[in-house]
Amino acid sequence: MSSSFHTTKLEFDQKKNVFVTQLGEPDEEDYNVRKFPIVEESEWALVKDGNRTLQSTLLLQKQREMAVVDQELEAKRREFAVRMERCMTKQNELRVEQQKIKERVEKFDRFVRENEVKRQRALVKFQNERKQQEIREHELVVLKEKYDNLEKRQKKLVSKIEDNRKFERYIQQVVDILPEGYLELSDNMLKGVISRYNTLEQANASLLQELMQKDDSIDRAQQALAELTKTKTDEVLSYNSTIAALHSQLEKCYQHTVRKEEETLRQKIHHRNQCQLYGQLELAIKNIVDLKCRAVKVKTRTKTAHVT
């Protein structure tokens, strides 16, 4: 039973210890006086009462601790509620701020998109204008080249005219030395000479063209002859090759025929020898049979003679 008791250390305040026989109203002067009632129970009753008192004391102590814990928990709950309220307030403020930021971001996005569209339009306009400028610059360069070519051609024509003056003078001298009635009557003798020259030039060109055609015909005929010669040569070579192959095949056939004839002759000789051997064997067998038959007949006759 002593093992069930709990050891408890009691701490007493520094007060006066006084045993009282009768309880009364405490005075102010008795505040520092600790009063003990007079014990009249037995030892076992005191022990039991002490155990109950100790358990009650422990229960009260635990209840006080629970009360303190409940108070602290309630304080923490109130503090948590206050913090949650602050957090909700902060969250609402943050939500409002996020909405404002979102609206500003949307406005900025619209601004950026509008600026991008404007930039794209300006870029397309710039590219189109640049292409038009490049086309105009190219056309200008082409026109300058044409102008330079025309200017060069003009200079060449002027120079050529100056160079052809000598031919005009030469034609005039030719006209002066021509006999009368050589050219047809015309108002301008130079044109007559030029016309005569053009006629002769055309006749010369026609003759040259005809000569070239003849040369072409000769070339084609020579080419056809060469092709025909080559074809016939190839045919002759092909025929010679075929004849050589046939001749080689004929030689092989002749050699094969000779071998076959020799083999046939050997087979005939062998067959004749075999026939001769078979004939000799057949005659020998017949002679043996005749001898046996005669011997049998002789024996038969002898037996018959003995019997008789």
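Computed from a prediction, not measured in an experiment: that's the story for all the values here. (Residues numbered from 1 in each chain as written. Predicted model: local features only at pLDDT ≥ 70, side-chain atom pairs only at ≥ 80, totals over all residues. Heavy atoms only, no water.)

A short note on the overall build of the protein
Here's step 1: Within the protein, the regular secondary structure consists of 2 helices and 2 strands.
Here's step 2: In the protein, the order of α-helices and β-strands from amino to carboxyl end is β-β-α-α.
Here's step 3: A separation threshold of at least 6 residues defines the contact pool for the protein, and within that pool the share at least 24 residues apart is 12%.
Here's step 4: Of the accessible surface of the protein, which amounts to about 29,700 Å², a share of 57% is contributed by carbon and sulfur atoms. (Helix = DSSP H or I, 4+ residues; strand = E, 2+ residues; numbered from the N terminus. Contact = heavy atoms within 4.5 Å. Areas by Shrake-Rupley, 256 points an atom, 1.4 Å probe, with all protein chains shown as cover.)

Side note on a nonpolar patch on the surface
Here's step 1: Together, Leu-277, Tyr-278, Leu-281, Ile-285 and Val-289 line one region of the surface with nonpolar side chains, adding up to about 480 Å² of accessible area.
Here's step 2: Among the secondary structure elements, Tyr-278 is positioned in helix α2 (residues 189–307).
Here's step 3: For Tyr-278, a relative accessible area of 51% puts it in the exposed group. (Patch = residues over 30% accessible without salt bridge, like charges linked within 9 Å, V, L, I, M, F, W, Y side chains within 5 Å. Salt bridge = Lys/Arg side-chain N within 4 Å of Asp/Glu carboxyl O. Buried < 20%, exposed > 50% of the residue type's maximum accessible area, 1.4 Å probe, protein only.)

Considering the pattern of salt bridges
Here's step 1: One pass over the structure, following the stated rule, counts 11 salt bridges.
Here's step 2: A salt bridge links Glu-74 to Arg-78, with the shortest nitrogen-to-oxygen separation between them at 3.9 Å. A residue pair is termed a helical-turn pair when its members lie 3 or 4 positions apart in one helix, as Glu-74 and Arg-78 do in helix α1 (residues 43–177) at 4 residues.
Here's step 3: Residue classification places Glu-74 among the partly exposed residues on the basis of a relative accessible area of 37%.
Here's step 4: A salt bridge links Glu-235 to Lys-232; the nearest nitrogen and oxygen atoms lie 3.7 Å apart. With a gap of 3 residues between them, Glu-235 and Lys-232 both fall in helix α2, about one helical turn apart.
Here's step 5: On the basis of relative accessible area, Glu-235 is assigned to the partly exposed category, the value being 30%.
Here's step 6: Here the salt bridges do not stand alone but share partners, grouping Glu-74, Arg-77 and Arg-78 into one network.

Quick look at the confidence of the model for the protein
Here's step 1: Mean pLDDT over the protein: 79, with 78% of residues reaching 70 or higher.
Here's step 2: For the protein, per-element mean pLDDT is lowest for strand β1 (residues 16–20), which scores 44, and highest for α2, which scores 86. (pLDDT = per-residue confidence, 0-100.)

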